[in-house]
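Below are the chains, spelled out letter by letter.
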Amino acid sequence: FGIKRKYKIMTITACIPTLNRKDFLKRLLNYYSDQGFPYQIFVGISDSLEILNELEEFKSSLSIANQISFFHAPGMGVLETLRILIGAASTKYCILQSDDDFLMHETLKEMMKILEDKNDYIGINGKALILDTITGSLSDYAMRELTNNKANLRLQEFSQNYFAIHM
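Residues numbered from 1 in each chain as written. Predicted model: local features only at pLDDT ≥ 70, side-chain atom pairs only at ≥ 80, totals over all residues. Heavy atoms only, no water.

A. Examining the packing of aromatic side chains more closely. Per the counting criterion, the structure on display carries five aromatic pairs. Here tyrosine 31 and tyrosine 32 contribute two aromatic rings whose centre-to-centre distance is 5.8 Å and whose plane-to-plane angle is 50°, an arrangement assigned as tilted. Residue class for tyrosine 31 comes out partly exposed when judged on its relative accessible area of 30%. The rings of Tyr31, Tyr32, Phe37, Tyr39 and Phe102 are connected pair by pair, giving a single aromatic cluster. Sitting over the ring of phenylalanine 24, arginine 21 keeps its end group 4.2 Å from the ring centre. In this structure, lysine 59 is placed above the aromatic ring of phenylalanine 70, and the distance from its NZ or CZ to the ring centre is 5.2 Å. (Phe/Tyr/Trp six-rings, centres within 6.5 Å; stacked < 30°, edge-to-face > 60°. Buried < 20%, exposed > 50% of the residue type's maximum accessible area, 1.4 Å probe, protein only. Lys NZ or Arg CZ within 6 Å of the ring centre and 35° of its normal.)

Below is the structure:
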């Protein structure tokens with residue numbers, strides 16, 4: 001009694017559907033472990049049971065293992081797997097993540113703040129940047145569908161060619 005405990009409140013679930021890309025997933029989860037990623041991570045693995053078991057063993061070596069949940073979805077596509085992941089999430093927010101991209105903790109905090117401040121918003125997109133590892137410079141990722149003048153054309157074209165980070 002009288003002891004205060006700090007509990008980590010998970011407000012975001014990163015939903016990662018993946019198939020045939022265990023090395024990308026391992027790299028991503030290792031990065032998050034090294035960075036102390038503070039959010040829940042749900043991974044939909046559409047690979048074989050053998051791959052799932054290998055990834056479970058890998059996960060146990062990570063400092064954030066208790067934040068990572070694997071869902072076996074053999075042979076399912078990205079959208080089917082994403083539905084499973086979102087359906088299992090109990091956090092206020094979910095974000096789709098590719099297994100070869102990285103989310104930045106501070107950016108996610110800013111995205112949450114915008115959603116909290118703007119009650120009429122139902123989602124938010126992040127901005128993709130390219131990091132030149134030789135020069136250290138950042139530049140915009142040319143997402144042509146996001147720069148068209150008319151929103152309806154932009155959205156139609158966008159849905160055919162690109163995924164965006166959307167929370």
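B. Inspection of the nonpolar core at higher detail. Among the nonpolar cores identified, the biggest contains 28 residues, and Leu29, Phe37, Ile41, Val43, Ile68, Phe70 and Leu108 are the most heavily contacted of them. Counting residues per element, the ones that place at least two in this core are β1 (12-18), α1 (22-35), β2 (40-45), α2 (49-59), β3 (68-72), β4 (93-96) and α4 (105-117). The contacts of leucine 29, once residues within four sequence positions are left out, are Ile41, Phe58, Leu62, Ile64, Ile68 and Phe70. In terms of nonpolar packing, the next biggest core, distinct from the first, is built from seven residues, Cys15, Leu82, Leu85 and Cys94 among them. (Core = buried A, V, L, I, M, F, W, Y, C linked by side-chain atoms within 4.5 Å. Helix = DSSP H or I, 4+ residues; strand = E, 2+ residues; numbered from the N terminus. Contact = heavy atoms within 4.5 Å.)

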